[in-house]
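Structure at a glance
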Amino acid sequence: MDTIDCKDCITDGTLPSEPLLEGDSGKIKNATEKISYDPLDASTFTHPVTLPNSSITIEFCDRCRWLHRATWVSTELFLTFPPPIINGIHIVPLNSEKTAGRFRVWLSLSTGPYLVWDRKIEGRFPELKELKQRVRDKIQPGKSLGHSDK
């Protein structure tokens, strides 16, 4: 069977020569040093270095069973704003009296968190068109959203 390798994937058993976290010590390795890597040995894994780009957090009430809505919204946002525009999307289920009925979308920027949508304040769930426009206006003001801009 033929295998297709991603142009970015490494097949020689070494990691790329860029700064990486070294094991549990948290120290950054020298940029030119290569680390022996075994995809089946967890001791050779490194935690991904967090990039300084924006990220999105979706908080939702788990008791209201809004997981599917949260994952759908996260997928749509990732398709519209792929990395490196959005570094990551975090889905946070909440299950308490205090967070009952919550559905919030936050945008984390270098200047701090920004509340994009709150279901209780707005009185409804976001239409994806509106949500994409609000995120776009904060992270890529000139970007065309195609049919979502009409």
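Our subject in this report is the structure included herewith.

Each value, and the rule that gives it
- Residues numbered from 1 in each chain as written.
- Predicted model: local features only at pLDDT ≥ 70, side-chain atom pairs only at ≥ 80, totals over all residues.
- Heavy atoms only, no water.
- Helix = DSSP H or I, 4+ residues; strand = E, 2+ residues; numbered from the N terminus.
- Buried < 20%, exposed > 50% of the residue type's maximum accessible area, 1.4 Å probe, protein only.
- Contact = heavy atoms within 4.5 Å.
- Expected span 1.5 Å × (residues − 1).
- Arc of directions from axis to C-beta.

**Here's the deal with the environment of I86**
The residue I86 is located in strand β4 (residues 86–94) in this model. Given a relative accessible area of 0%, I86 falls into the buried group. Here the alpha-carbon distance between I86 and L107, two residues 21 residues apart in the chain, equals 9.3 Å. Apart from the residues within four sequence positions on either side, I86 is in contact with S54, S55, I56, L77, F78, F81 and I139.

**Brief notes about helix α1 (residues 67–80)**
Relative to the 20 Å expected for 14 residues at 1.5 Å per residue, α1 spans 20 Å between its end C-alpha atoms, a close match to the ideal helical length. Taken together, the buried positions of α1 are A70, V73, S74, L77 and T80. End-on view of α1: buried residues confined to an arc of 130 degrees, all on one side of the axis. Those residues of α1 that are exposed and aimed more than 90 degrees away from the buried face are H68 and L79.

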